[in-house]
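Overview (structure and organization)
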Amino acid sequence: MSKTLKMTLTAMLVAIGTVTSHLFAIPIGFTKVFPMQHFINVLSAVILGPAYAVLQAFSVSLLRNMLGTGSLFAFPGSMIGAFLAAILYTKTKKASMAMTGEIIGTGILGAIACYPIATLILGQDAAIFGFIPSFIFSSIVGSIFGFIIVGIVLKNPAFNKYLERNY
């Protein structure tokens, strides 16, 4: 796949992720979860690979924060998730591994990376009993949705030939 096409697809996914993330936010207690970002991360991981998946995650997080609809926690969480999802997919060529990478990367490693900041901002109890479960829940919901869509796309013979030619 050419760099121009990858950048174009990255820009499209950034636009979709930026616009839709806050529209499909799910309120949980004092916080909201954003499964659309995790869905976009899984798509980016499968279609674009590690570097562009991380660029997409960073760009969406930056734009959403600039628009006031994002979260400081999205930067490390989404980038770790997108990167791990892309690496696992690249190594295995299995959409389930992209989903697993997003859940482990964002839901677990991202939550751990963000925990110190969450504790300072929210307090220890809120970070443990609200923030971490919401990170895990958000990544699971978005990744399952991404897995279903990617599974449908990957079953398309034309798309598989396209991936084989361009990866």
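Residues numbered from 1 in each chain as written. Predicted model: local features only at pLDDT ≥ 70, side-chain atom pairs only at ≥ 80, totals over all residues. Heavy atoms only, no water.

Bringing the nonpolar core into the picture now. Judged by nonpolar contacts, the single largest core of 21 residues is most densely connected at Val 46, Ala 98, Val 150 and Leu 154. Elements that contribute at least two residues to this core include exactly helix H2 (35–48), helix H3 (50–67), helix H4 (74–92), helix H5 (95–122) and helix H6 (124–154). Counting residues per element, this core draws most heavily on H2, which supplies 8 residues. One finds Ala 111, Cys 114, Ala 118 and Phe 135 within the second-largest nonpolar core, a separate group that totals 6 residues. (Core = buried A, V, L, I, M, F, W, Y, C linked by side-chain atoms within 4.5 Å. Buried < 20%, exposed > 50% of the residue type's maximum accessible area, 1.4 Å probe, protein only. Helix = DSSP H or I, 4+ residues; strand = E, 2+ residues; numbered from the N terminus.)

As for its position among the elements, Thr 18 is in helix H1 (residues 3–21). Here Thr 18 falls in the buried class, since its relative accessible area comes to 8%. Not counting residues up to four positions away in its chain, the partners in contact with Thr 18 are Val 60, Leu 63, Arg 64 and Leu 67. (Contact = heavy atoms within 4.5 Å.)

Moving on to H6. Over its 31 residues, H6 extends 42 Å from the first C-alpha to the last, a length consistent with the 45 Å expected when each residue adds 1.5 Å. Residue Phe 131 marks the point of greatest curvature in H6, where the axis turns by about 25°; the proline Pro 133 follows within four residues. Those residues of H6 that sit buried are Ala 127, Gly 130, Phe 131, Ser 134, Phe 135, Ser 138, Ser 139, Gly 142, Ser 143, Gly 146, Val 150 and Leu 154. (Expected span 1.5 Å × (residues − 1). Bend = angle between axes of the 7 residues up to and from the residue.)

What follows is about H3. The α-helix advances 3.6 residues per turn, and as a result positions three or four apart in sequence lie on the same side. Between its terminal C-alpha atoms H3 stretches 26 Å, which fits the 26 Å expected from 18 residues at 1.5 Å a residue. For H3, the complete set of buried residues consists of Tyr 52, Ala 53, Gln 56, Ala 57, Ser 59, Val 60, Ser 61 and Arg 64. Elements in contact with the buried residues of H3: H1, H2 and H4. Directly beyond the C-terminal end of H3, a positive phi value near 80° is found at Gly 68.

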